[in-house]
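Here's the letter readout for the chains.
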Amino acid sequence: MAASLATAAQDHAAYMAAHHTLTHTQDPAQSGFTGESFSARGEGAGYPGARAEVVAQVGSAVRVVPLWRDSPRHLELLLLPEVTEMGVGQEAGYWCVVLGTPEGRLSRSIEPPR
């Protein structure tokens, strides 16, 4: 687990919990948030090309992991062979996982699930 990715994931999970929303982008109109995307947060943590997965209000990891596993787009991101590090954040049932490589060499860009 990468500390800087975990910080980025936790910050975004806290944002979603504070605003009761499931999103990949923070609203710049909200106090204290920049409007950056999850990929910008990953890049700021030293991981260009980072990807994020989010799920809201599922409680425990025992419930969130099967949701990601059973979603083809989420599973594809989780299983990218070049992903070598991750960070996990959870706040009030909102989960965020940021995936990346220190060099940012992910094989392709995949749009986040909607």
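Positions within a chain are numbered from 1, following the residues in the order the chain's sequence is written. Confidence filtering applies because this is a predicted model: local features only for residues at pLDDT of at least 70, side-chain atom pairs given and counted only at 80 or more, and all residues used for totals across whole chains, interfaces and linings. Just so you know, side-chain values use all the structure's heavy atoms and leave hydrogens and water out.

A. Looking closely at the overall build of the protein chain. Across its full length, the protein chain carries four helices and three strands. A run of H or I in DSSP becomes a helix once it reaches four residues, and a run of E becomes a strand once it reaches two; helices and strands are each numbered from the N terminus. Counted from the first residue to the last, the protein chain has its helices and strands arranged as α-α-β-α-α-β-β. By the burial criterion, 42% of the 114 residues in the protein chain qualify as buried. Here the open area of atoms and residues is found with the Shrake-Rupley method and a 1.4 Å probe, where only the protein chains shown may cover a residue. Looking at the protein chain as shown, the accessible area adds up to about 5,900 Å², and 55% of this sits on carbon and sulfur atoms. Burial classes follow relative accessibility: with a 1.4 Å probe on protein chains only, a residue under 20% of its type's maximum area counts as buried, one over 50% as exposed, and anything between as partly exposed.

B. Quick peek at the pairing of strand S3 (residues 94-100). In terms of burial, S3 is a largely internal element, seven of the seven residues being buried. A two-sided burial pattern is seen for S3, the buried positions comprising Tyr94, Cys96, Val98 and Gly100 on one face and Trp95, Val97 and Leu99 on the other. We call two strands paired when DSSP finds no fewer than two bridges between them. The hairpin formed by strand S2 (residues 85-91) and S3 contains two residues between the paired strands, and Ala92 there has a positive phi angle of roughly 50°.

C. Summary view of the nonpolar core. The definition of a nonpolar core used throughout is a set of buried Ala, Val, Leu, Ile, Met, Phe, Trp, Tyr and Cys residues joined through side-chain atoms within 4.5 Å. Residues Leu5, Met16, Tyr47, Cys96 and Val98 are the most contacted members of the largest nonpolar core, which totals 13 residues. No other element matches the six residues that helix H1 (residues 3-19) contributes to this core. The contact criterion used is simple: two residues touch if any of their non-hydrogen atoms lie within 4.5 Å. Leu5 has contacts with Ala45, Tyr47, Glu85, Met86, Gly87, Val98 and Gly100, leaving out every residue within four places of it along the chain. Val58, Val83, Val97 and Leu99 belong to the second-largest nonpolar core, a separate cluster that totals nine residues.

D. Examining the environment of Leu80 more closely. Within the secondary structure, Leu80 is located in the loop between helix H4 (72-78) and S2. When its relative accessible area of 4% is taken as the criterion, Leu80 is described as buried. Sequence-wise, Leu80 and Leu99 are 19 residues apart; in three dimensions their C-alpha atoms are separated by 9.3 Å.

Read these as layout, nothing more, since geometry by itself doesn't imply function.
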